[in-house]
Amino acid sequence: MNREDMWKKILEELETFEGSAGFCYKNLVTGEEKAYNGDRRFLAASMVKLPLFMAMMLMRERGETDFDEMITIRPEQKIPGGAVRYMTGDVTMDIASLARLMIVISDSTATNALFRHYGAEKIGSCLRELGFSGTQFNREYYSPLEFQGINNYFVPLEIVAAFERLYAGKVVSPQVSEEILEVLCQQQIDHKICGRLPEYVRVAHKTGEEDDKTHDAGIVFGSEPFIVCFAYVGAETADYNDFIRKTSEALWLAGEIR
């Protein structure tokens, strides 16, 4: 299948999903770009954990936070999603460990602890400085604020731009950018973008999922490294996950055989 036919098939399939689907792609060698609802705001699920991590790294670089500082999580603060909820009693961890749990296994209890520690105002200020405007982290997970219409959002094109800056070493510094990418490469939720790729392919990515949401975004390294962002909110999450797997494989193969 040539690239023109591949893109036609991808865009036609995106049109078939009920609900709200988004997709963005950028080839980091050729500069080729494609987008479908790329500028739309999507309910984020766990996708905003990456911008929070980037904001924390910015604060660390400025000396505004110490990643060795300990945070205690009480039993009533534990929520579904991750490993911390299964630990007995009070759980005390350093910020660096909580951040890794937030990204590598998408631990929501760890994320909430970090959100409380830094606060929405400080996080929002850092996100705007990092180039996020429609992408917003406004509340904790499982917060009653959700029922007041206060939610977290991400914009696919903003996520792609963030990954492009990471690839170029322009998030805080080249060293910090590489550190963030290394943590993203340790991601354990690998059934979407990575689902049909060979195990040796390096992928730095972050997922997001709830019952009616499924997202994944990252850099797929290869002969032609590329950034891809998938977003979906609706009733067909299983079908969209299959679309993510098939599309990621097709994009990777297209770069390898060009």
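Everything numeric here is computed off the predicted structure, so don't read it as measured data. (Residues numbered from 1 in each chain as written. Predicted model: local features only at pLDDT ≥ 70, side-chain atom pairs only at ≥ 80, totals over all residues. Heavy atoms only, no water.)

Colleague: How would you explain the sheet that holds strand S7 (residues 203-210) if you had to name every residue and give the values?
Modeller: Read across the open sheet, the 5 strands follow the order S2-S1-S9-S8-S7; overall the sheet is antiparallel. Edge positions in the sheet fall to strand S2 (33-36) and S7, since each has one partner strand and no second. Adjacent strand axes in the sheet meet at a mean angle of 5° when their direction is disregarded. Across 8 bridges, the pairing between strand S1 (residues 20-27) and strand S9 (residues 226-233) is antiparallel. Bridge pairing in S9 links Tyr 25 to Val 228. (Pairing = 2+ DSSP bridges. Helix = DSSP H or I, 4+ residues; strand = E, 2+ residues; numbered from the N terminus. Axes fitted to C-alpha atoms, helices over the stretch in contact; angles between N-to-C directions.)

Colleague: Before we move on, can you summarise unusual backbone geometry with the specific residues and values?
Modeller: With phi around 50°, Ala 45 is a residue other than glycine that occupies positive phi space. Within the secondary structure, Ala 45 sits in the loop between strand S3 (42-43) and helix H2 (49-61). Given the relative accessible area of 6%, Ala 45 is considered buried. (Buried < 20%, exposed > 50% of the residue type's maximum accessible area, 1.4 Å probe, protein only.)

Colleague: Give me the packing of aromatic side chains: which residues, what numbers.
Modeller: Two aromatic rings, taken as a pair, are described by how far apart their centres are and by the angle between their planes. This model, assessed by the stated rule, comprises 16 aromatic pairs. With a centroid separation of 5.9 Å and 75° between ring planes, the pair formed by Phe 137 and Tyr 141 is classed as edge-to-face. Neither Phe 137 nor Tyr 141 differs from the other in exposure class; each is buried. Aromatic rings pair up to connect Trp 7, Phe 17, Phe 23, Tyr 25, Phe 226, Phe 230, Tyr 232, Tyr 240 and Phe 243 into one cluster. Here the guanidinium or amino end of Arg 41 rests over the ring plane of Tyr 153, the centre of that ring lying 3.9 Å away. (Phe/Tyr/Trp six-rings, centres within 6.5 Å; stacked < 30°, edge-to-face > 60°. Lys NZ or Arg CZ within 6 Å of the ring centre and 35° of its normal.)

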